[in-house]
Amino acid sequence: GIGAAVAATFARAGIKVVLAARRMDRLEALCRTIEADGGAAHPVSADVTDEEAVRGLFGTALERFGRVDILVNNAGKADHTPTEDLSLDRWREIIDVNLTSAFLCSREAMRIMKAQGGGRIVHVGSLSAMVPRPDTLAYAASKFGMDGLNRSLAIDGRAHGVTSSIFHPGIVMTELVTPTRPMPPTAYIDAEVAGRAVLAMVDLPDHVNMFQTVMLPSSMPFLGRG
């Protein structure tokens, strides 16, 4: 989805990418695609909700490429459970995948980036961090939390040349999206277009931060909701 599109877009721009997810087979397939296109990529099987796995991920990135200039926090899981039916286990699962993973990865990135004199952290948020949908309590809370995480990281990194920003996309056609009816192409954003937007957020002079970006189909009923 968005993560694969961001990785491929970054690689085409000459950025060396480390890919992290739980399924190595899919990571390796993406790496082959990137390398066939002339890019450099390295796969790491990691559960980014696990502290030791995250430490290992960043250690591998340093061993492979020597530094970490950009982190994109993209791990995410959607949920549409009515509040009265939402179990504590499901709540914790959504918060861990969507928010705790961003904390763990951002903390490791901040340690490295401070030491090397700068870097960029980008979080993939959601319009739900502004206007939630019904029956998405855990998801909305996780994305509102990510927005707060971003704001705090931007302050903490300011004196060290480390920027933090957040990308709030509308409907992006990925595996997380399960339309209940056919959607015209103008009703959603292609993942590749989202990848180009994230690249634009990091392809800036070091002293400039695109702190918050909202991208949505122009027909999406986000503005002017009653």
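Above this note sits the structure.
Summarised in this report is the structure supplied together with it. The shown structure was predicted, so the numbers you read here are calculated from the model rather than taken from an experiment.

## Here's the deal with the sheet that holds strand E3 (residues 70–73)
- Spatially, the four strands line up as an open sheet ordered E3-E4-E5-E6, and their pairing is parallel. Every interior strand has two partners, whereas the edge strands, E3 and strand E6 (212–215), have only one. Going across the sheet, the axis of each strand differs from the next one's by a mean of 15°, ignoring polarity.
- Bridge count for strand E5 (residues 162–169) against E6 is four bridges, and the pairing is parallel. When the sheet's bridge partners are listed, Pro169 is paired in E6 with Met215.

## With respect to the nonpolar core
- By size, the foremost hydrophobic cluster in this structure holds 25 residues, and its most contacted members are Phe10, Leu19, Ile34 and Phe167.
- Those elements that provide at least two residues to this core are helix H1 (2–12), strand E1 (17–21), helix H2 (24–36), strand E4 (119–124) and helix H6 (191–202).
- The element best represented in this core is H6, accounting for seven residues.
- Sequence-distant contacts of Phe10, that is, excluding residues within four places in its chain, are made with Ile15, Val17, Ile70, Val72, Val198, Leu199 and Val202.
- Val68, Ile95, Ala102 and Met146 belong to the second largest nonpolar core, which has 24 residues in total.

## Points about the pairing of E3
- Judged by which residues are buried, E3 turns out to be one-sided: Leu71 and Asn73 face inward and are buried, whereas Ile70 and Val72, on the alternate face, are not.
- Relative to E4, E3 runs parallel, the two being bridged by four bridges. Among the inter-strand pairings, Val72 is bridged to a residue of E4, identified as Val122.
- In terms of handedness, the path from E3 via helix H4 (residues 88–116) over to E4 forms a crossover that is right-handed.

## Observations concerning the pattern of salt bridges
- Inspection of every chain in the model, using the stated rule, returns twelve salt bridges.
- Where Arg90 meets Asp79, a salt bridge forms, and the shortest distance between an N and an O atom there is 2.7 Å. In this pair, Arg90 sits in helix H4 while Asp79 sits in the loop between E3 and H4, placing the two residues eleven residues apart along the sequence.
- In this structure, Glu93 and Arg90 form a salt bridge, with 2.9 Å as the shortest nitrogen-oxygen distance. Linking Glu93 with Arg90, this pair stays in helix H4, spanning three residues, or about one helical turn.
- You can call Glu93 partly exposed: its relative accessible area is 30%.
- Under the relative-accessibility criterion, Arg90 is labelled partly exposed at 24%.

Parameters and conventions
Residues numbered from 1 in each chain as written. Predicted model: local features only at pLDDT ≥ 70, side-chain atom pairs only at ≥ 80, totals over all residues. Heavy atoms only, no water. Pairing = 2+ DSSP bridges. Helix = DSSP H or I, 4+ residues; strand = E, 2+ residues; numbered from the N terminus. Axes fitted to C-alpha atoms, helices over the stretch in contact; angles between N-to-C directions. Core = buried A, V, L, I, M, F, W, Y, C linked by side-chain atoms within 4.5 Å. Buried < 20%, exposed > 50% of the residue type's maximum accessible area, 1.4 Å probe, protein only. Contact = heavy atoms within 4.5 Å. Right-handed = clockwise from strand over helix to strand, strands pointing away. Salt bridge = Lys/Arg side-chain N within 4 Å of Asp/Glu carboxyl O.

These figures come from the coordinates and say nothing about function on their own.
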